[in-house]
Amino acid sequence: MFCSKCGKEVNDNAAYCRNCGNKLKNTKKYDFKSWMKNFKIVLIISIIGMIITALTSSGTGFINVIWQISRIVTILAISIDIILFLVCTVISIKNKEKVPIWFTIIQGIILAFIIINAIAGYIDKKQKERIEENIKNYNYQTKNSSYITLDEFNEVQIGMTYDEVVEIIGGEGDLIVQDAYTQTYSWEPASSSDMYSVTMTFNNGILSSKMKI
Ligand SMILES: [Zn+2]
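Residues numbered from 1 in each chain as written. Predicted model: local features only at pLDDT ≥ 70, side-chain atom pairs only at ≥ 80, totals over all residues.

Novice: I would appreciate a short explanation of the pairing of strand S4 (residues 198-203) in the present structure.
Specialist: Going residue by residue along S4, you find Val198, Met200 and Phe202 tucked away on one face and Thr199, Thr201 and Asn203 left uncovered on the opposite face. By the bridge criterion, six bridges tie strand S3 (residues 182-189) to S4 in an arrangement that is antiparallel. Across the sheet, threonine 184 pairs through a bridge with threonine 201, a residue of S4. Here S4 folds back onto strand S5 (residues 206-212) in antiparallel fashion, the turn holding two residues, of which asparagine 204 has a positive phi close to 55 degrees. (Buried ≥ 20, exposed ≤ 12 C-beta atoms within 10 Å, placed from the backbone. Helix = DSSP H or I, 4+ residues; strand = E, 2+ residues; numbered from the N terminus. Pairing = 2+ DSSP bridges.)

Novice: What is the right way to read the nonpolar core from this model?
Specialist: Most often, soluble globular proteins have nonpolar side chains that are buried together. Membership of the largest hydrophobic core is limited to nine residues, which are Ile148, Phe153, Val165, Ile169, Tyr185, Trp187, Val198, Met200 and Phe202. Counting residues per element, this core draws most heavily on S4, at three residues. In this view, phenylalanine 153 contacts Ile148, Met195, Val198 and Lys212; residues no more than four positions away in its chain are not counted. (Core = buried A, V, L, I, M, F, W, Y, C linked by C-beta atoms within 7 Å. Contact = placed C-beta atoms within 7 Å.)

Novice: What is the right way to look at the environment of glutamate 9 in this model?
Specialist: Checked against the element boundaries, glutamate 9 lands in the segment before helix H1 (32-56). Take glutamate 9: there are 11 C-beta atoms within 10 Å of it, and that puts it in the exposed class. Between the C-alpha atom of glutamate 9 and that of asparagine 19, which follows or precedes it by ten residues, the distance is 9.2 Å.

Novice: How should the domain arrangement of the protein be read in this particular structure?
Specialist: How large an interface is tends to be reported as the accessible area lost when its parts come together. By the assigned domains, the protein splits into domain 1 (32-142) and domain 2 (147-212). Between the C-alpha centres of domain 1 and domain 2 there is a distance of 50 Å. (Domains from an automatic or database assignment.)

Now the structure itself:
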């Protein structure tokens, strides 16, 4: 290039003119190829990350730790990849450069991976919710099948643990009141017991009071 002040030819990368000391504007364009180098590194990390994430997704313990780490690295790499993709595309349009076909294909694969993952994650979440709902319903039904008799009520002693009480009655109670230290459960009385309702309060899991009406 040439110095804008004195007109002498200067090195393209020079910051100042050797002849007159004029501060030179760096007119060097961002070129697509140099961005591609950065992009390739990110791309390799993304792909390796995706493979490791997929391979370790159903593991437990140490494998689960690897999954957690590789997932974060992959998400980061893919985020950077998307930013680079946008930057590369803008630059290539601005410089009227042609975008290589492999670049577009790989970006398509990565975008498809993100979309598939998001959909799979959503389905997985819905399935888990349904399973939890089923377990809840099952527990509720099991609870309702266990009635407390008068004998069982008398057998339960202050100082017993919740599990001991459950073993005597034959079923879990319904948690009706709970705070930091105490839990109050109710059991439905058997129809022959002449009791209307039974509640028991546990202090840190130890029966502190029982009441029948
Ligand atoms: Zn000059």
